[in-house]
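Chain residues, written in single-letter form:
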Amino acid sequence: MDYETILVEQKGAVTLVTINRPQALNALNSQVLADLIHAFAVFEADPAQRCAVLTGSGDKAFAAGADIKEMADKPGADFYAQDFFADWTSKLVKATRKPWIAAVNGFALGGGCEVAMMADFIIAADTARFGQPEIKLGVAPGMGGSQRLTRAVGKAKAMDMCLTGRMMDAAEAERGGLVSRVVPLADLVAEALKAAEAIAAMPPLAALANKELVNAAFETTLDQGLLHERRVFQILAATADKAEGMAAFVEKRAGVWQGR
Ligand code: CO8
């Protein structure tokens, strides 16, 4: 399917989604959100697709933020009346149980940083720059920046970034725990696809479960999280893929997964 603001390619079991507004540094307007929600719903519904990668077109930006030009003249009360930005979490993050990776190829600012943090993990190009500069516009993060960034890098760096609006380079982002790996820009998409292919080759239910469990760590007490983990582990122990995975290990062969 063709979209106005994104490109979608299926590469085997991996869906590669590229935000495609390079002239606006891939700024996130309402159409990008609508296109991403649709593309991720298609990805989620297709049993042959097991992992996705989200990146930005061009070498300069993953996404330089929510589209400031779209928001500049919007009547103030509309933001609240429309629960502006709510769909990013409810229709994209929560609706996507399958794993997906953000491949950050340059500026990831404001909403761009926030969308990257919605991914299950971030692989960054060595040119990546992360920031929450909303304070300079007289606002604050509205798509998770104050919450997901603080959980990712801790209070000191999150406060520093939100209050000064400064950018973090890729090396600092990796040191701070915001990104899982840094790779040369030229290798970024290939490396992200390689990671996605590795995930796509895993037993599908186990992939869903591992994602769910790590996310649960941010939502629960330790006791509740440990209980949730044991219950999910026990459920997975009853799957055909667990029997296959253990048999394949013993027989020194690759497992063949059924997703049940
Ligand atoms: N929204 C809309 N257009 C953008 C955005 C954006 N976030 N970022 C860049 N662009 C456009 C520029 O306007 C420019 O367009 P044009 O050629 O038509 O003038 C084009 O992209 C290229 O940008 P620059 O010429 O500025 O490129 P530079 O290399 O000089 O600078 C920067 C790159 C540093 C990334 C710079 O573009 C910049 O600072 N961008 C804005 C970053 C930012 O503030 N992001 C956060 C946005 S706010 C947000 O995400 C959430 C909350 C907002 C609430 C607002 C309520 C009113």
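Residues numbered from 1 in each chain as written. Predicted model: local features only at pLDDT ≥ 70, side-chain atom pairs only at ≥ 80, totals over all residues. Heavy atoms only, no water.

Quick word on helix H4 (residues 86-93)
Now for step 1: Buried residues of H4: Trp-88, Leu-92 and Val-93, and no others. Across the axial projection of H4, the buried residues extend over an arc of 75°, all falling on one side.
Now for step 2: On its buried face, H4 sits against helix H1 (30-45), helix H5 (111-118) and helix H6 (145-153). (Buried < 20%, exposed > 50% of the residue type's maximum accessible area, 1.4 Å probe, protein only. Helix = DSSP H or I, 4+ residues; strand = E, 2+ residues; numbered from the N terminus. Arc of directions from axis to C-beta. Contact = heavy atoms within 4.5 Å.)

Here's the deal with the side chain of Thr-15
Now for step 1: Of note, Thr-15 is situated in strand S2 (residues 14-19).
Now for step 2: Of the residues examined, Thr-15 reaches a relative accessible area of 3% and is grouped as buried.
Now for step 3: A distance of 2.6 Å separates polar atoms of two side chains, one belonging to Thr-15 and the other to Gln-49.
Now for step 4: With residues up to four places along the chain from it excluded, the contact list for Thr-15 reads Val-8, Glu-9, Gln-10, Phe-43, Gln-49, Cys-51, Ala-52 and Val-53. (Polar contact = N/O pair within 3.5 Å; in protein donor to acceptor, adjacent residues only side chain to side chain.)

Structural notes on the confidence of the model for the chain
Now for step 1: Looking at the chain as a whole, its pLDDT mean stands at 97, while 100% of the residues score no less than 70.
Now for step 2: In the predicted complex, the global pTM is 0.97; the interface-specific ipTM is 0.96. (pLDDT = per-residue confidence, 0-100.)

Focus on the site of the ligand
Now for step 1: Around the ligand sit 20 residues, and of these Lys-60, Ala-64, Ala-66, Ile-68 and Gly-111 come closest.
Now for step 2: One nitrogen or oxygen atom from the main chain of Ala-66 is found 2.8 Å from an oxygen atom belonging to the ligand.
Now for step 3: The fraction of the free accessible surface of the ligand (1100 Å²) that becomes covered by protein chains is 64%.
Now for step 4: Elements that contribute at least two residues to the shell around the ligand include exactly helix H2 (68-72) and strand S6 (107-109).
Now for step 5: Element by element, the count of residues in the shell around the ligand is highest for H2, at 3 residues. (Near = heavy atom within 4 Å. Areas by Shrake-Rupley, 256 points an atom, 1.4 Å probe, with all protein chains shown as cover.)

Side note on the side chain of Glu-114
Now for step 1: Within the fold, Glu-114 resides in helix H5.
Now for step 2: For the buried residue Glu-114, which engages in no salt bridge, the nearest side chain bearing the opposite charge is Arg-148, 7.1 Å off.
Now for step 3: A polar atom in the side chain of Glu-114 sits 2.9 Å from the backbone nitrogen of Met-143.
Now for step 4: Within the structure, Glu-114 has its side chain in polar contact with the backbone nitrogen of Gly-144 (distance 3.2 Å).
Now for step 5: Discounting chain neighbours no more than four positions away, the residues touching Glu-114 are Gln-132, Glu-134, Pro-141, Gly-142, Met-143, Gly-144 and Gly-145. (Lys, Arg positive; Asp, Glu negative; His and termini not counted. Salt bridge = Lys/Arg side-chain N within 4 Å of Asp/Glu carboxyl O.)

Describing the sheet that holds S6
Now for step 1: Spatially, 4 strands are ordered S4-S6-S8-S9 in an open sheet, and the strand pairing comes out mixed. Since the sheet does not close on itself, it has two edges, and those belong to strand S4 (61-63) and strand S9 (167-169), each with one partner. Adjacent strand axes in the sheet meet at a mean angle of 20° when their direction is disregarded.
Now for step 2: Pairing of S4 with S6 involves 2 bridges; the strand directions are parallel. Across the sheet, residue Ala-63 finds its bridge partner in S6, namely Ala-108.
Now for step 3: With respect to the sheet, H5 is in contact with S4, S6 and strand S8 (129-131), its orientation differing from that of S6 by roughly 95°. (Pairing = 2+ DSSP bridges. Axes fitted to C-alpha atoms, helices over the stretch in contact; angles between N-to-C directions.)

Notes on the pairing of S2
Now for step 1: In terms of burial, S2 is largely enclosed, as 6 of its 6 residues are buried.
Now for step 2: Here S2 shows no split at all, with Val-14, Leu-16 and Thr-18 on one side and Thr-15, Val-17 and Ile-19 on the other all buried.
Now for step 3: Counted between consecutive antiparallel strands, the loop separating strand S1 (residues 6-11) from S2 contains 2 residues, among which Gly-12 sits at a positive phi close to 60°.
Now for step 4: Of the strand pairs in this sheet, S2 and strand S3 (residues 51-56) are connected by 6 bridges, and their pairing is parallel. Across the sheet, Ile-19 pairs through a bridge with Gly-56, a residue of S3.
Now for step 5: With H1 bridging S2 and its parallel neighbour S3, the resulting β-α-β unit is right-handed. (Right-handed = clockwise from strand over helix to strand, strands pointing away.)

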